[in-house]
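Close look at the chain arrangement
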Amino acid sequence: MVGVIRMTVRRLLLLVPLVMAVAFLVFVVVQFAPNDPAYNALGTNATPAARHAWIIAHGLNQPLPVQYLRFLGQALHGSLGVTQDTNQPVVQVVGRALPVTLALSAFGLVIAIVVAGLLGATAAMYRNRWPDQVIRAVSMAGLATPSFWLGIMMIQFFALHLGWFPSGGFVGPSQSFTGWLQSLALPSIALGVPVGASLSRALRASMVEELDKGYVRTAIGNGLPTVVVVGRNVLRNALVTPLTVLGLTVGTLIGGALVIETIFDLPGMGTLLLHGVTNGDAGLVEGIVLTVAIGFILANLAVDILLVFVNPRLRGGS
């Protein structure tokens, strides 16, 4: 437990320079974007005098290092300015969109874990036989399928053709819990299946390697049921590699969620990011990217902690 706490504190301390680096990169990219924030805020009919006054009022006439330090100071105090079109605090706007993205990512992760567990474990137990061959082909197909294409195909079939699910839109859980689940069902499947296919291949390879070890043959030879040996020892020891792969695919999961939201018209971070980029809203774009970056770092920290609990040998080096 001491090793876990030490690793957690060390990673949280690294969070500060990482966020500062991401903030600097986002700031530079947004500053050199072709959009004119003054005209975006005032409209194309704004006079040069009004545009100049708006630039001075928002400090955009100051040198870039000064603007970055001001932006960084505001971010550290939990303030990212206001949106250009509605003059609402960016923190509040992002706070309303964040739960939608978190729910979609969580459901997508659950689906990915279920798909990986069923396919990977079954393929390992029936390796080099027809179930393994079929599952490997299905995994390859799932891995090669982009989540946005899968989402579009599911809209065509399950929403428009069969009418089982809505084709888009979002219903909050306070309005209707069933409607909330239905509005997230297809996006979560589209998000989770490709990630699950990738994890299933890692789980199969790890389980096959573990099944060939001597302690497994000894335990089964001594009369222990195969299900018990696999469930109690093999599966737990084989989770190290899939969890490592999961940590590497967290970015894919989060990035896929942002894309899926625009396809299914979900009011999450992806739709908000598209709105900010289209309108040239620098503060909104910076706030969204910072939030996503922090979420990515924290998700990888959670995976690292899970790895330590799954594999006790890592605790000494944490």
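Residues numbered from 1 in each chain as written. Predicted model: local features only at pLDDT ≥ 70, side-chain atom pairs only at ≥ 80, totals over all residues. Heavy atoms only, no water.

1. Here's the deal with the overall build of the protein chain
Counting its secondary structure elements, the protein chain contains 13 helices and 0 strands. In the protein chain, the succession of helices and strands from N to C terminus is α-α-α-α-α-α-α-α-α-α-α-α-α. The principal-axis extent of the C-alpha atoms belonging to the protein chain is close to 85 × 55 × 35 Å. Sequence-distant contacts in the protein chain: of pairs separated by 6 or more residues, those separated by 24 or more amount to 71%. When the accessible area of the protein chain is evaluated, it comes to approximately 17000 Å², of which 69% is carbon and sulfur surface. Here the protein chain carries 17 positive and 11 negative side-chain charges, and the mean point of each set is 15 Å from the other. (Helix = DSSP H or I, 4+ residues; strand = E, 2+ residues; numbered from the N terminus. Contact = heavy atoms within 4.5 Å. Areas by Shrake-Rupley, 256 points an atom, 1.4 Å probe, with all protein chains shown as cover. Lys, Arg positive; Asp, Glu negative; His and termini not counted. Charge placed at Lys NZ, Arg CZ, Asp CG, Glu CD.)

2. Side note on the side chain of Ser206
Among the structural elements, Ser206 can be located in helix α8 (residues 177-211). What makes Ser206 buried here is its relative accessible area of 8%. Sequence-distant contacts of Ser206, defined by excluding residues within four places in its chain, comprise Ala238, Thr241 and Pro242. (Buried < 20%, exposed > 50% of the residue type's maximum accessible area, 1.4 Å probe, protein only.)

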